[in-house]
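Spelled out, the chains give:
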Amino acid sequence: MKLLGAVSEGSGAINEDGFGWLGTADDISAAWIFDGVTGINEQTCLGDGTDARWLVMRADARLVELAARDVPLAALLAQLVAGLTADFAEASAGKDIPADYDPPAACLVLVKRYGSSWQALRLGDSCLIARDGDGRHRIHAASPNNVLDTWLTREVGKRREAGVSDVKALLAAFTPQLRAGRARRNQPGGYSILEASHTALAMPEIIDLGNPAEILLCTDGYYRAVDHYGLYDDAGLLDASARGVADVLAALRRSEADDPDCTRHPRFKPADDATAVMLGRRRNFA
């Protein structure tokens, strides 16, 4: 499996996404993406710009070593979480952590080759699209938290119509609902997410991909090209990403810039961090 492209671009001063891979560009053995969850705390406690950015950076550093090990994905996740738990304890020692502190979290999708087959680990709502060698494609793109997301988009739209457009003000207005939703992390009836806690081991999604021809890993900010702006369907996103992930990103940024008030394409914030890693065989697009 070759690296056909990778891109990560923040929507603001700090990019809370991340990505990485193992191997060479012509022989990838593992790859991953992160989407840090925007914090709702009043202050940053752990450094690196935001607490979500801190978690993404620590998890990425650990995966560079862990993803090379010949262990099942469930064991790899357990080792990652144990390391992050130790990292958090060290980083927070002596800090004045608020009682209602919202711990940092991130979505994670990781794919790893075992022999001639590939498996994937997924926590959160980032996307994985894999196309089989015969042209079929498997899609793993649904968000387990989409009910809250849909409600928030509708309610934020009402606030914008009333003249409230500042993202920080909107975030503050819906903090109680966001806290309630985040209390369902890694809980029965809730959704999975990576965090520095053993609870992250409760419900990871582990997917047997077989021997796919192409794999796209992307955060929901990149997947907006499909579910918000309608630039592609899932198969089209695979094709476009194989041609060039930077071109896909440029197209979705144009869609965001053309709708700064989020009226044509309702969404919580005008733009989002966007990351993609595209793996596959070189194709002739002539």
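For the structure, see preceding data.
Presented here is an overview of the structure given in this document. For clarity, every value in this text was computed on a predicted model and none was experimentally measured.

### Structural notes on the overall build of the chain
Helix and strand counts for the chain come out as eight helices and eleven strands. Entry remark: accessible area of the chain is about 12,700 Å², with carbon and sulfur atoms responsible for 51%.

### Regarding unusual backbone geometry
The phi dihedral of N186 falls on the positive side, at around 55°, and the residue is not glycine. Along the polypeptide, N186 turns up in the loop between α5 (175-182) and β8 (194-195). Classification of N186 by relative accessible area gives buried; the value is 3%.

### With respect to the state of the cysteines
Cysteine pairs can be linked by a disulfide, which is a covalent bond between their two sulfur atoms. Within the structure shown, the criterion is met by zero disulfides. In this model C107 remains outside any disulfide bridge; the closest cysteine sulfur is found in C127, 9.3 Å from its own.

### Here we look at the side chain of N186
Within polar-contact distance, the side chain of N186 engages the backbone nitrogen of I193 at 2.9 Å. Within polar-contact distance, the side chain of N186 engages the side chain of E195 at 2.9 Å. The contacts of N186, once residues within four sequence positions are left out, are Y191, S192, I193, E195, T199, A200, A202 and M203.

### Here we look at the pattern of salt bridges
Within the structure shown, the criterion is met by 13 salt bridges. Across the salt bridge formed by E9 and R253, the nearest N and O atoms sit 2.7 Å from each other. One end of the pair, E9, is in strand β1 (residues 2-9); the other, R253, is in helix α8 (residues 245-257), and 244 residues separate them in sequence. Among the salt bridges present, the one from R185 reaches D102, with a minimum N-O distance of 3.5 Å. In this pair, R185 sits in the loop between α5 and β8 while D102 sits in the loop between α2 (73-92) and β4 (105-114), placing the two residues 83 residues apart along the sequence. Accessibility classification places R185 together with D102 in one group, the buried group.

### Here's the deal with the packing of helix α1 (residues 51-66) against α2
Between α1 and α2, the shortest axis-to-axis distance is 10 Å and the interhelical angle comes to 135°. It follows that α1 is oblique to α2 by the angle criterion. Remark: the crossing between α1 and α2 carries right-handed chirality. Residue-level contacts link W54, L55, R58, A59, R62, L63 and L66 of α1 to L76, Q79, L80, G83, L84, D87, F88 and A91 of α2. Taken together, the residues that form the contact of α1 with α2 break down as ten nonpolar, two polar and three charged.

### Let's talk about the environment of A106
Looking at the secondary structure, you find A106 in strand β4. Assessed through its relative accessible area of 1%, A106 is described here as buried. Considered as a pair, A106 and D17 are 89 residues apart in the sequence and their alpha carbons are 8.5 Å apart.

### Considering the packing of aromatic side chains
One pass over the structure, following the stated rule, counts three aromatic pairs. Geometrically, the ring pair formed by F19 and W21 is stacked, given 5.9 Å between the ring centres and 15° between the ring planes. Relative accessible area serves as the criterion here: at 28%, F19 is assigned to the partly exposed category. The exposure class assigned to W21 is partly exposed, which follows from its relative accessible area of 33%. Note on F88 and Y101: the rings are 6.4 Å apart at their centroids and 25° apart in plane angle, and the pair reads as stacked.

### Observations concerning the side chain of S92
Within the secondary structure layout, S92 lies in helix α2. Residue classification places S92 among the buried positions, given a relative accessible area of 14%. In contact with S92, not counting residues within four places along its chain, are L46 and I97.

How each quantity is defined
- Residues numbered from 1 in each chain as written.
- Predicted model: local features only at pLDDT ≥ 70, side-chain atom pairs only at ≥ 80, totals over all residues.
- Heavy atoms only, no water.
- Helix = DSSP H or I, 4+ residues; strand = E, 2+ residues; numbered from the N terminus.
- Areas by Shrake-Rupley, 256 points an atom, 1.4 Å probe, with all protein chains shown as cover.
- Buried < 20%, exposed > 50% of the residue type's maximum accessible area, 1.4 Å probe, protein only.
- Disulfide = S-S within 2.5 Å.
- Polar contact = N/O pair within 3.5 Å; in protein donor to acceptor, adjacent residues only side chain to side chain.
- Contact = heavy atoms within 4.5 Å.
- Salt bridge = Lys/Arg side-chain N within 4 Å of Asp/Glu carboxyl O.
- Axes fitted to C-alpha atoms, helices over the stretch in contact; angles between N-to-C directions.
- Parallel < 35°, antiparallel > 145°, perpendicular 65-115°, else oblique.
- Left-handed = near helix turned anticlockwise from the far one by under 90°.
- Nonpolar A, V, L, I, M, F, W, Y, C, P; charged D, E, K, R; others polar.
- Phe/Tyr/Trp six-rings, centres within 6.5 Å; stacked < 30°, edge-to-face > 60°.

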